[in-house]
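For reference, the chains in residue letters:
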Amino acid sequence: MSRLVEALTRFFGRVEILARGADAERREAQAALEAGRFLEAREHARALLARVPSSPIGLALWADAAGAVWLDEEAATAFSQLAQQVPWRHDVWLRLGLAGGRTGWPQARLALERAAAATEDRAVARRALQELCDVDLRAGEPARARRWVERLAAASEAGDPEVELRRGECLLAEGEVQAARLACADLELTGRADGRDRLLLARLGGGAGGRKDENLARRIDLALGAFVLGAPGAAELLAQLVAAAADPALVERARRVLGAGGCLEQPEWVAAFALREGRPERAREALLRGFQPGEGQRAAALLSLVVEGRDLEALATVGERDPAALTDTMHALLAAERLHEQGKDGPALERLDALTGTELGDWAAELARRWVGGWVPEGPGDAARWDRVLEELGRGARRLGRLDRLPAIEALIVEQERPLRVAVVGEFNAGKSTLINAWLAADVAPTGVTPTTACLHWVAWAPDAFTRVVARGQPDRIVAHADLKAALREIAEQGGAAERVYIYAPIERLRRMDLLDTPGLNAPEAAHAEQARAGIEEAHVAIWLLDATQALKETERQAIQAAARAGVPVQLVVNKSDRLAAGETERVLAHVEAELRGAGLRSHRPVLALSSRLALRARLGQVPETALVESGWQPFEEMLEAHVINRCDELKERALRRKAAAVAADLGAAAARRAGDCREQLADERTRTERIRAYAATIESQRRDVASELEAELGPARELLLTDAQPVAELASAQQRDDAEVRSYLVARTVERFAPVVCRALAARAQRGGPGEAAPGTLPELEVPVRAAIGGAAAATASGSVLEGTALRAALEVALGGCAQALRAAADVPVQAPPFEALRVRLAALERALGAGAAVAGGRPPELAPAFGGRMGSC
């Protein structure tokens with residue numbers, strides 16, 4: 001800025017100075033100022049003021065000289081006195097605000113705001129707006145800073161780097177990283193001596209596109225430049241980047257620069273390089289050694305490294321030493337950790353949810369994933385914390401409004417106490433019912449040449465033998481075992497269909513597990529395959545029967561792949577081995593094993609061969625007991641006992657995890673959709689508020705011009721108002737025209753004629769955005785200030801007069817100021833994270849943990865399309 005004395009000398013004569021014999025001091029002060037002898041100029045200026053107190057020229061000389069040698073308190077004093085002499089000089093208010101801001105003078109902001117109101121000196125207004133924005137950014141008030149940015153933009157040319165820089169800083173401070181990147185897309189290095197442009201670009205990622213390592217190199221280069229130039233916050237960012245860098249060349253480059261500056265032994269840099277080298281204990285030691293309460297800048301740098309290293313222990317230690325050094329979000333994070341350590345995961349996770357979208361949002365999400373994942377041990381033999389898992393699923397379902405999922409979640413609660421369920425699966429006439437009867441040594445499951453099992457048959461223990469048939473549209477039927485086939489035929493003849501058959505028997509083996517006899521996968525009715533799929537989903541393990549004479553056909557292989565993909569352990573058994581010639585059994589088993597390996601599948605245990613028909617006859621005493629050995633039954637029963645029944649807890653745990661994972665996946669997908677929708681809505685709303693802020697700045701900075709335009713548009717409304725006022729003008733006396741009711745009538749008619757026109761005109765102006773800009777839509781915020789200003793001005797007019805001329809223009813300017821204030825208040829909505837984002841993170845973590853624990857031993861099979869026409873594993 002030019003020297004103030006040069007500008008003031010043109011306006012103030014030297015008569016008083018000459019009269020008091022102080023002109024020599026003035027000349028000496030000006031000569032010393034021009035020669036750069038600022039302390040000498042200061043002494044002459046003070047000598048001049050001693051002779052001519054309050055001389056504007058003397059005060060200007062003193063202010064210029066003191067400011068040149070950074071005596072800000074003296075400069076502020078001089079500018080303060082000068083501002084009282086020349087209050088119309090906005091450049092004086094600007095200099096007062098700048099000097100006062102450097103000394104912490106509490107009225108500095110007011111001085112800058114007066115300078116920002118300069119309409120005739122755009123350069124002064126522009127500089128004041130820049131400084132006001134910077135003041136609010138330093139104070140941690142980015143929303144308020146953005147008001148000044150929009151006014152600055154209205155007073156600047158498009159593409160002004162000062163506007164782009166500050167807009168990007170405001171958006172970044174509010175957590176709007178992507179919006180900040182867009183705002184700074186065209187920002188280039190401007191050679192600023194303070195390095196702010198380099199620091200901002202480094203924070204935003206160094207530039208669009210490119211590989212991650214290239215962007216990191218660019219960011220480190222920018223951060224190094226900002227650090228060398230002394231940009232506040234550059235050291236903090238550079239330390240974070242060094243700690244995160246994987247490229248040794250980048251780290252070495254930073255080490256050389258820091259070494260040249262003698263910074264390497266400082267605790268923040270020791271910690272940064274220790275984190276980079278994977279030595280968290282060394283980093284923590286350096287951080288805590290360097291932390292000293294009250295050292296704000298260093299504390300911020302050290303805390304940023306604590307956040308970068310995600311070190312809760314170090315954060316807690318810093319909080320104990322100096323609680324004031326921690327932000328509210330840091331205290332909230334520690335409070336959540338304490339609740340978690342106390343076993344109160346529900347309240348702890350709610351604390352973490354509140355941090356979504358803050359500077360600690362990523363750390364909070366990482367903790368949430370870790371805590372939720374900790375509910376599910378890696379091995380399926382260890383029970384998950386089902387109380388917490390199911391509580392979380394229920395909470396998610398209710399919050400998402402997915403009440404249809406609550407029955408499935410409640411079913412999981414009940415399932416923990418139910419017996420092991422084994423589904424017997426295979427194609428029609430594979431011998432499934434015969435196998436069940438052989439294992440129970442009783443003719444319980446119906447068998448026959450035709451597809452007898454047309455629906456799922458559930459075989460379970462009961463003290464009495466009976467069968468319950470559930471049929472669609474008919475009451476349940478309770479019949480004896482021997483009458484089951486007849487009951488099913490009768491239902492079919494009546495046009496009904498059995499949905500499920502429950503067979504109960506007082507057989508001791510059924511106390512340990514339930515058996516599910518499924519329809520044949522290749523039965524004539526398509527609904528039979530759906531019933532088989534339902535049986536597999538309900539089971540904890542499946543016994544899959546293959547016909548020995550045509551073992552593992554392509555249709556069977558696809559169905560087994562679908563079951564395995566769903567996470568259901570499958571034990572393959574080659575049945576009807578008695579139909580094979582001597583030596584053929586080993587060949588068939590080898591063929592099945594080879595086909596499984598080729599498909600990336602494996603049986604729960606090695607594939608077995610048996611004859612369930614021969615085993616049943618032997619167990620019923622219809623053939624000699626030696627037939628039981630010939631049937632291959634003994635290896636099958638030993639496998640069932642050792643690897644199914646004795647591992648029932650593990651198999652049940654695996655199935656529970658599989659079903660819970662399916663619920664979590666469904667709810668997680670719903671949460672992701674809701675979070676995405678909310679992000680779009682928030683983005684639209686933020687775009688609208690940005691337009692509103694910009695419009696508020698425009699109408700405030702161009703208040704006089706806009707008021708003149710509005711006055712011209714009020715022509716037709718004024719004619720109507722004159723017609724409304726005609727009866728008042730015809731009243732006989734001034735006293736009648738000044739009657740309270742008459743004045744109230746005129747005020748009301750003025751407001752009703754003028755206010756709607758003004759509001760519509762202002763809203764129409766707001767719609768005139770550039771190409772691709774989102775219009776702010778209707779602006780109901782305008783109505784109150786417009787009506788208040790017009791009504792107040794109308795009430796102040798002379799009795800019986802209509803608001804017009806200078807009074808109308810003044811009222812419109814007042815209205816515009818109120819509109820700008822109302823629009824800014826409406827646009828100052830707090831930045832919020834998309835709702836459901838935290839829930840999405842937790843459900844995704846829960847799905848991953850449950851899915852990993854439910855994986856079949858030996859690894860998951862390849863991702864193949866289900867053969868059942870639906871998703872396996874859903875509840």
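Before reading on, note that the structure itself is shown above.
Owing to the predicted nature of the structure, the values given are computational and were not obtained by experimental measurement.

1. A word on the overall build of the chain
Step number 1: Along the chain, the regular secondary structure elements total 41 helices and nine strands.
Step number 2: A burial count over the chain gives 50% of its 875 residues as buried.
Step number 3: Here the analysis covers contacts within the chain between residues at least 6 apart in sequence; of these, 69% occur between residues at least 24 apart.
Step number 4: In the structure as shown, the chain presents an accessible area of about 40100 Å², 51% of it carried by carbon and sulfur atoms.

2. Considering the pairing of strand E7 (residues 541-547)
Step number 1: Counting buried residues along E7, seven of its seven residues qualify, which places the element largely inside the surrounding structure.
Step number 2: In the sheet, strand E1 (residues 420-426) pairs with E7 via five bridges, with the strands oriented parallel. Bridging across to E7, Val 422 finds its partner in Val 541.
Step number 3: Note: E7 against strand E8 (residues 570-575), six bridges, orientation parallel. When the bridges of E8 are listed, Leu 545 appears paired with Val 573.
Step number 4: After leaving E7, the chain enters helix H29 (residues 554-565) and then returns to the sheet as E8, a path that is right-handed.

3. Quick notes on the packing of helix H9 (residues 122-138) against helix H11 (residues 161-173)
Step number 1: Running from amino to carboxyl end, H9 crosses H11 at an angle of 20°, the nearest separation of the two axes being 11 Å. Judged by the angle between their axes, H9 and H11 are roughly parallel. Remark: the crossing between H9 and H11 carries left-handed chirality. Between H9 and H11, the contacting residues are Arg 126, Gln 130, Cys 133, Asp 134 and Leu 137 on the first element and Glu 162, Arg 166, Glu 169, Cys 170 and Ala 173 on the second.
Step number 2: Looking at side-chain class alone, the contact of H9 with H11 contains four nonpolar, one polar and five charged residues.

4. Section: the sheet that holds strand E9 (residues 608-609)
Step number 1: The nine strands are arranged E4-E3-E5-E2-E6-E1-E7-E8-E9 in an open sheet whose pairing can be described as mixed. Edge positions in the open sheet fall to strand E4 (477-479) and E9, since each of these has one partner strand only.
Step number 2: In the sheet, strand E3 (residues 466-471) pairs with strand E5 (residues 498-505) via six bridges, with the strands oriented antiparallel. Counterpart to Arg 468 in the pairing with E5 is Tyr 502.

5. A few points about helix H4 (residues 38-51)
Note: α-helices contain 3.6 residues per turn, so residues at a spacing of three or four share the same orientation.
Step number 1: The terminal C-alpha atoms of H4 lie 20 Å apart, and with 14 residues this matches the ideal 20 Å at 1.5 Å per residue to within 8%.
Step number 2: Restricting attention to buried positions, one finds in H4 the residues Ala 41, Arg 42, His 44, Ala 45, Leu 48 and Leu 49.

6. What to know about the nonpolar core
Step number 1: Counting 98 residues, the largest nonpolar core has Leu 315, Leu 333, Leu 352, Trp 363 and Leu 393 as its most contacted members.
Step number 2: Ranked by the residues each element gives to this core, the list is headed by helix H34 (residues 648-701), at 10 residues.
Step number 3: When residues no more than four places from it in sequence are discounted, the contact partners of Leu 333 are Leu 312, Leu 315, Leu 352, Leu 355, Leu 360, Trp 363, Ala 364 and Leu 367.
Step number 4: One finds Phe 79, Ala 115, Leu 129 and Val 149 within the second-largest nonpolar core, a separate group that totals 45 residues.

7. Considerations on helix H26 (residues 432-440)
Step number 1: Counting buried positions along H26 yields nine of nine residues, so the element is predominantly enclosed.
Step number 2: Along H26, the residues that are buried comprise Lys 432, Ser 433, Thr 434, Leu 435, Ile 436, Asn 437, Ala 438, Trp 439 and Leu 440.
Step number 3: Buried-residue contacts for H26 involve E1, strand E2 (456-461), strand E6 (513-517), E7, helix H31 (612-619) and helix H33 (633-645).

8. As for unusual backbone geometry
Step number 1: Positive phi is not limited to glycine here, since Leu 552 has a value of about 55°.
Step number 2: Residue position: Leu 552 is located in the loop between E7 and H29.
Step number 3: By relative accessible area, Leu 552 is classed as buried at 8%.
Step number 4: For Lys 576, which is not glycine, the phi dihedral falls at a positive 65°.
Step number 5: Along the polypeptide, Lys 576 turns up in the loop between E8 and helix H30 (584-598).

9. Overview of the packing of aromatic side chains
Step number 1: For the structure on display, the rule yields five aromatic pairs.
Step number 2: Considering the side-chain rings of Trp 633 and Phe 636, the 5.1 Å spacing of their centres and the 55° angle between planes classify their relative orientation as tilted. Residue Trp 633 and its partner Phe 636 are located together in helix H33, separated by three residues, close to a single helical turn. As far as the burial class goes, Trp 633 and Phe 636 line up, both buried.
Step number 3: Grouped by ring-pair contacts, the aromatic residues Trp 458, Phe 466, Tyr 502 and Tyr 504 constitute a single cluster.
Step number 4: A cation over a ring is seen here: Arg 255 above Phe 273, with NZ or CZ 4.3 Å from the ring centre.
Step number 5: If you follow Arg 509 out to its NZ or CZ, it ends over the ring of Trp 439, 4.8 Å from the centre.

10. Some details on the packing of helix H15 (residues 234-244) against helix H17 (residues 267-276)
Step number 1: Axis separation between H15 and H17 bottoms out at 7 Å; the angle between their running directions is 20°. Judged on the interaxial angle alone, H17 and H15 are roughly parallel. Of H17, the residues touching H15 (which contributes Ala 235, Leu 238, Ala 239, Val 242 and Ala 243) are Trp 269, Ala 272, Phe 273, Leu 275 and Arg 276.
Step number 2: Grouping the amino acids of the contact of H15 with H17 by side-chain chemistry returns nine nonpolar, no polar and one charged.

11. Things to note about the pairing of E3
Step number 1: Judged from the three bridges that link them, E3 and E4 form a sheet pairing that is antiparallel. By the bridge assignment for E4, Thr 467 is matched with Val 479.

12. Looking at the environment of Ile 692
Step number 1: Relative to the helices and strands, Ile 692 resides in helix H34.
Step number 2: Remark: the alpha-carbon pair of Ile 692 and Arg 824, spanning 132 residues in sequence, is separated by 7.2 Å.

13. Some details on the pattern of salt bridges
Once their charged atoms are close, side chains differing in charge can pair, the charge on each being opposite to the other.
Step number 1: Taken as a whole and assessed by the stated rule, the structure comprises 60 salt bridges.
Step number 2: Two residues, Arg 842 and Glu 392, come together in a salt bridge whose shortest N-O distance is 2.8 Å. Here Arg 842 is found in helix H41 (residues 837-853), whereas its partner Glu 392 is found in helix H24 (residues 386-399), with 450 residues between them in sequence. Pair check on accessibility: Arg 842 and Glu 392 agree, each one buried.
Step number 3: Ionic pairing is found between Glu 650 and Arg 654, a salt bridge with its closest N-O pair at 3.1 Å.

Definitions and cut-offs
- Residues numbered from 1 in each chain as written.
- Predicted model: local features only at pLDDT ≥ 70, side-chain atom pairs only at ≥ 80, totals over all residues.
- Heavy atoms only, no water.
- Helix = DSSP H or I, 4+ residues; strand = E, 2+ residues; numbered from the N terminus.
- Buried < 20%, exposed > 50% of the residue type's maximum accessible area, 1.4 Å probe, protein only.
- Contact = heavy atoms within 4.5 Å.
- Areas by Shrake-Rupley, 256 points an atom, 1.4 Å probe, with all protein chains shown as cover.
- Pairing = 2+ DSSP bridges.
- Right-handed = clockwise from strand over helix to strand, strands pointing away.
- Axes fitted to C-alpha atoms, helices over the stretch in contact; angles between N-to-C directions.
- Parallel < 35°, antiparallel > 145°, perpendicular 65-115°, else oblique.
- Left-handed = near helix turned anticlockwise from the far one by under 90°.
- Nonpolar A, V, L, I, M, F, W, Y, C, P; charged D, E, K, R; others polar.
- Expected span 1.5 Å × (residues − 1).
- Core = buried A, V, L, I, M, F, W, Y, C linked by side-chain atoms within 4.5 Å.
- Phe/Tyr/Trp six-rings, centres within 6.5 Å; stacked < 30°, edge-to-face > 60°.
- Lys NZ or Arg CZ within 6 Å of the ring centre and 35° of its normal.
- Salt bridge = Lys/Arg side-chain N within 4 Å of Asp/Glu carboxyl O.

These figures capture arrangement, not role.
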